[in-house]
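# Coordinate analysis (summary)
So the chains spell out like this:
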Amino acid sequence: MQVQLNYSRIINDKVWQISLLSLSDRFNDQRFFGFGANPQTDSRNKFNTDALDFGRYFQKRIKFQAVLGFRPSEEIELFWVKSHINRLRFYI
């Protein structure tokens, strides 16, 4: 799901713009084969089992972004951007 809001306004012959973005998505039942050249023997691999060659995981991503734009003249545009991304992973 994505929501985006934009607002522009001209003040004293200068253009101002504010943009807000929110994004949330999910990935279910993704396969993960592990770390390293040989995932079955790599100690970092959480899926060291004899039953499966891969593990499954669920991932949820949340992103927020804010942009403030200002055009003082026809040749110059200035932007300030702030964003935050959060990823939540659950291994099965």
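Sequence order sets the numbering: in each chain, residues are counted from 1 along the sequence as written. The model is predicted, so local features are restricted to residues of pLDDT at least 70 and side-chain atom pairs to those at 80 or more, both for listing and for counting; the totals for chains, interfaces and linings are taken over all residues. Computation of side-chain values: all heavy atoms of the structure, hydrogens and water removed.

To continue, consider the overall build of the protein chain. Within the protein chain, the secondary structure is distributed over zero helices and four strands. A simple rule labels every residue: compare its accessible area, found with a 1.4 Å probe on the protein chains alone, to the largest value its type can have, and call it buried under 20%, exposed over 50%, or partly exposed in between. Counting the 92 residues in the protein chain, one finds 16% classified as buried. The contact criterion used throughout is that any non-hydrogen atoms of two residues lie within 4.5 Å. Once local pairs closer than 6 in sequence are excluded, the contacts in the protein chain between residues at least 24 apart make up 50%. Carbon together with sulfur atoms contributes 54% to the accessible area of the protein chain, which is approximately 7,600 Å² in total. Strands here are runs of E lasting at least two residues and helices are runs of H or I lasting at least four, both read from the DSSP assignment and numbered beginning at the N terminus. Here the Shrake-Rupley method, with its probe set to 1.4 Å, supplies the accessible areas, and only the displayed protein chains count as covering residues.

Turning to the pattern of salt bridges, a few remarks are in order. Opposite charge on two side chains permits pairing when their charged atoms draw close. Criterion for a salt bridge: a side-chain nitrogen of Lys or Arg within 4 Å of a carboxyl oxygen of Asp or Glu. Here the structure, examined in full by the defined rule, presents two salt bridges. A salt bridge links Asp25 to Arg61, with the nearest nitrogen and oxygen atoms 2.6 Å apart. With Asp25 in strand 2 (residues 14-32) and Arg61 in strand 3 (residues 55-71), the pair connects residues that are 36 residues apart, well separated along the chain. Between Glu77 and Arg71 there is a salt bridge; the shortest N-O distance is 2.5 Å. Taking the relative accessible area as the measure of exposure, Arg71 reaches 37% and is therefore partly exposed.

Let's shift gears to the side chain of Ser19. Inspection of the secondary structure puts Ser19 in strand 2. Ser19 sits in the buried class, given a relative accessible area of 12%. Whenever two N or O atoms come within 3.5 Å, that pair is a polar contact, provided that in protein one can donate a hydrogen and the other can accept it, and provided that, for residues adjacent in sequence, both atoms are side-chain atoms. Of note is the side chain of Ser19, whose polar atom sits 2.8 Å from the side chain of Asn6. Setting aside anything within four residues of it in sequence, one finds Ser19 in contact with Gln4, Leu5, Asn6, Gln65, Ala66 and Val67.

Together, Met1, Val3, Leu5, Tyr7, Ile11, Trp16, Ile18, Leu20, Leu68 and Trp80 give the surface a local cluster of nonpolar side chains, amounting to about 1,000 Å² of exposed area. Residue assignment for the nonpolar patch shows that the elements contributing at least two residues are strand 1 (2-11) and strand 2. Among the elements that line the nonpolar patch, the one with the most residues is strand 1, at four residues. With respect to the helices, strands and loops of the structure, Ile11 is situated in strand 1. Candidate patch residues must exceed 30% relative accessible area and have no salt bridge, after which like charges are joined if within 9 Å and Val, Leu, Ile, Met, Phe, Trp or Tyr side chains if within 5 Å.

Judged by its relative accessible area of 19%, Asp25 falls in the buried class. Side chain to side chain, Asp25 and Arg61 meet in a polar contact 2.6 Å long. Beyond its immediate sequence surroundings of up to four residues, Asp25 is in contact with Gln59, Lys60 and Arg61.

As for its position among the elements, Trp80 is in strand 4 (residues 78-91). Measuring from C-alpha to C-alpha, the distance between Trp80 and Phe70 comes to 8.9 Å, with 10 residues separating the pair along the chain. In this view, Trp80 contacts Ala66, Val67 and Leu68; residues no more than four positions away in its chain are not counted.

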